[in-house]
Amino acid sequence: VDKEALDTQVKDRKIQEAAEKARNEELANEMKQNDKIMCMLEERQKNDIRNINKAIGEFQKNFQKPETRREFDLSDPQALKKDRPARLSDSDPRCTVSGLQKFMGEDLNYNQRMKFQKEQLREWSLQQQRDWKNALADQKFADDLYDKNRIELDQKTTEQQRKEDENRRAVCAATKDFNRTQAAELAERKKLEKYQNMKDDMNEISSLLQGDLLSENPEQAVSSFGRHRVITDRWKGMNQDQLMAIRYSQQQQVLEKLRLKEEERRRDAEWDRQSIQAARAQLVLERHQQRQNRECRQALDNVNAELSREQKSKNIYLKEEAYSNFPTGQYYAQFNTTSR
């Protein structure tokens, strides 16, 4: 086991985990800052809505009072006490169109009214312009803030990506150096192993050339358990006498095999002959049994025919004589033998 390589890998792993932890913390801080900005924007929007509603309420309170409404006279309980003549002046608010007291363009304060309307329109227009500019300014501020946050986020992401690339390149360089070192050590180890194998092969060749194995010494194959046993990895084969003995033994085995086959053939033939004789005897016995059954059946048929004829004759006697002769008084009289 290469302890230095394992320590290097553990160190690289710790560096990578620390970089990942720092990146996660930065992302969490950015998310918290974005949430704060969103909360500030929402609070600002709520304040704007509250101010607009407050301005509308103040406008209705100052310029849209119930006394200035056209239908106020219908619900005024002091209408009779406050009643005035039909027309006091051209600016009399009671001079409506239905009263035919004042017509369009014939009032005395036409110029002042037109001037007031223009001023009012001008104020409304300026107010709308100011509101529009404020809305545009708010939108621009929000867009600028969003762009700024996006730029900062992109910069941080780019910086984080650059750091990750640097860490990855450092890890790749360390891994490459480690692999190069491992490859060099492996090549050196293979070289030493090859040299050692070559040396061992040369020693083995020299020992075989000088030993009894290649010299074909028959004594080196004799086993320590007896001369009748040999060591298989040293045995160089049998001599001529041993081969002749083996061939003679093989011939004897062949003759013994032929003799056994001949005996088996004779035994099978005898068995077949006995089987055929037994089958013939069985066939003769079956035929004799069938003949006896046929004779018994014929005798039984004859007995049944005789019984049938007797039954028929009995039935004829009963029909013609016993059932046709009715008893007379003389027939009953022969049974009246009691004394009076």
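Our subject in this report is the structure included herewith. (Residues numbered from 1 in each chain as written. Predicted model: local features only at pLDDT ≥ 70, side-chain atom pairs only at ≥ 80, totals over all residues. Heavy atoms only, no water.)

Summed over the entire model, instances satisfying the criterion amount to one cavity of 30 Å³ or more. Looking at the largest cavity, its volume works out to about 80 Å³. Going through the elements one at a time, α1 (3-63) and α2 (110-210) are the ones with two or more residues in the lining of the largest cavity. Looking at the lining of the largest cavity element by element, the count peaks at four residues for α2. Taken together, the residues of the lining of the largest cavity break down into one nonpolar, three polar and three charged. (1 Å grid on protein atoms, 1.4 Å probe; cavity = no way out; pocket = protein on both sides within 12 Å on 5 of 7 lines; lining within 4 Å. Points joined across faces, edges and corners; volume = space filled by probe spheres on them. Helix = DSSP H or I, 4+ residues; strand = E, 2+ residues; numbered from the N terminus. Nonpolar A, V, L, I, M, F, W, Y, C, P; charged D, E, K, R; others polar.)

Before going further, it helps to spend a moment on the packing of α1 against α2. At a minimum axis distance of 10 Å, the contact between α1 and α2 shows a crossing angle of 175°. With respect to their mutual orientation, α1 and α2 come out roughly antiparallel. Residues belonging to the contact of α1 with α2 are distributed by class as follows: eleven nonpolar, five polar and ten charged. (Axes fitted to C-alpha atoms, helices over the stretch in contact; angles between N-to-C directions. Parallel < 35°, antiparallel > 145°, perpendicular 65-115°, else oblique.)

Moving on to the packing of aromatic side chains. Given two aromatic rings, one states the distance between the centres and the angle between the planes to describe the pair. Applying the stated criterion to the full structure yields one aromatic pair. Geometrically, the ring pair formed by Phe59 and Phe63 is tilted, given 5.1 Å between the ring centres and 35° between the ring planes. Linking Phe59 with Phe63, this pair stays in helix α1, spanning four residues, or about one helical turn. The class of Phe59 is partly exposed, set by a relative accessible area of 31%. Judged by its relative accessible area of 58%, Phe63 is exposed. (Phe/Tyr/Trp six-rings, centres within 6.5 Å; stacked < 30°, edge-to-face > 60°. Buried < 20%, exposed > 50% of the residue type's maximum accessible area, 1.4 Å probe, protein only.)

This part takes up α1. Owing to its 3.6 residues per turn, the α-helix aligns residues three or four sequence positions apart on the same side. With 61 residues, α1 should reach 90 Å at 1.5 Å per residue; the first-to-last C-alpha distance of 89 Å fits that figure. Along α1, the residues that are buried comprise Ala5, Asp12, Ala19, Glu30 and Ile37. Looking at the buried positions of α1, the neighbouring elements they touch are α2. (Expected span 1.5 Å × (residues − 1). Contact = heavy atoms within 4.5 Å.)

Of the volumes computed, that of the second largest pocket is approximately 680 Å³. Of all the elements in the fold, those that place two or more residues in the lining of the second largest pocket are α1 and α2. If you tally residues by element for the lining of the second largest pocket, the top one is α2, at nine residues. Classifying every residue of the lining of the second largest pocket gives six nonpolar, four polar and five charged.

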